[in-house]
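An overview of the molecular structure
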Amino acid sequence: GIIVAPGIYDAFGAALAERAGFDAVYLSGASFAHARFGRPDIGLVGKARGKYTLYLGGNVPGTRLGFVFRDMVPLEDVVPSVVPLLGRFKSERSDGEGFGDFCHRLGLIELVKSLFESRREDGEAFGKFCDRLDLVGLIFDRFKAERRDDESLPDYCSRHGIDDLSAYAEMYFI
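Residues numbered from 1 in each chain as written. Predicted model: local features only at pLDDT ≥ 70, side-chain atom pairs only at ≥ 80, totals over all residues. Heavy atoms only, no water.

**Overview of the pattern of salt bridges**
One pass over the structure, following the stated rule, counts 13 salt bridges. A salt bridge links Asp77 to Arg70; the shortest N-O distance between them is 2.7 Å. Of the two residues, Asp77 and Arg70, both sit in the buried class. Note that Lys113 and Glu110 form a salt bridge whose closest N and O atoms lie 3.2 Å from each other. Of this pair, Lys113 and Glu110 both sit in helix 4 (residues 99-119), separated by 3 residues, roughly a single helical turn. Residues joined by salt bridges that share partners form a network here, namely Arg88, Glu92, Glu110 and Lys113. (Salt bridge = Lys/Arg side-chain N within 4 Å of Asp/Glu carboxyl O. Buried < 20%, exposed > 50% of the residue type's maximum accessible area, 1.4 Å probe, protein only. Helix = DSSP H or I, 4+ residues; strand = E, 2+ residues; numbered from the N terminus.)

Structure below.
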C-alpha cells in the first residue's frame, strides 16, 4: 500500500512525526538545506552551478535567521569572503559571543567594511569595491529596511561612514 511519510529536517521533526503515529519519515538533502540555510553562524546555499549565497548572523537554535552577506559568490571566493571576518571576530568578540551573534551585532555594513579592508585593490574606493563584488544591492536593501524617517540614501551612507557608496546605489536603484 501507500505509505504517508512527512518530510523532516531534524530530530525534533522526527520526534513529532513519531508522536503523531507515522510509520516512516523522509529526509532529503534539499529539505535539510532549505530548512536550515539561515540558521547557523555561517549558512551557504547553492544558487547556480558554482555560485552560492552566503548567510551570516544566524544562530544554531534557529531563534534568529542569518542575513544575506553575499549573493552569487563563486565557490573559490567563499573562504576568502569569510576569513577576514573570522580574524575580526577573534580580536573583537565579547566573552561568550559566538560568530553568528558577532555578525548580527556588527551588521551587514560593518562586515562589508571588514571585507573591504582586507580585499580591496590598490586605491579602490568603497563604492567601487561593493560594485565589483555585487554588494550594492544588498546594502541598498538594508538602507530600505533601516532608514530613519525621510532619511535619504546619501544621509544613510554618511551615517554609516560609506559616503561614496550612495553614488553607485543611486545609479542602480533610484
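**Examining the packing of aromatic side chains**
The full count for this structure, using the stated rule, is 6 aromatic pairs. With a centroid separation of 5.3 Å and 65 degrees between ring planes, the pair formed by Phe116 and Phe129 is classed as edge-to-face. Of this pair, Phe116 sits in helix 4 while Phe129 sits in helix 5 (residues 126-132), placing them 13 residues apart in sequence. By relative accessible area, which is 0% here, Phe129 ends up buried. Ring centres of Phe140 and Phe143 lie 5.6 Å apart, and the angle between their planes is 40 degrees; this geometry places the pair in the tilted category. Pair noted here: Phe140 and Phe143 are both in helix 6 (residues 136-146), with a separation of 3 residues, about one helical turn. Comparing Phe140 with Phe143 shows no difference in burial state: the two are buried. Through pairs of rings, three or more aromatic residues link up here, namely Phe89, Phe99 and Phe102. Sitting above the plane of the Phe67 ring, Arg142 keeps its charged end 5.1 Å from the centroid. (Phe/Tyr/Trp six-rings, centres within 6.5 Å; stacked < 30°, edge-to-face > 60°. Lys NZ or Arg CZ within 6 Å of the ring centre and 35° of its normal.)

**Some words on a nonpolar patch on the surface**
Where nonpolar side chains cluster on the molecular surface, the patch consists of Ile2, Val4 and Phe22 and spans about 350 Å² of accessible area. Note on placement: Phe22 falls in the loop between helix 1 (11-19) and helix 2 (29-36). (Patch = residues over 30% accessible without salt bridge, like charges linked within 9 Å, V, L, I, M, F, W, Y side chains within 5 Å. Areas by Shrake-Rupley, 256 points an atom, 1.4 Å probe, with all protein chains shown as cover.)

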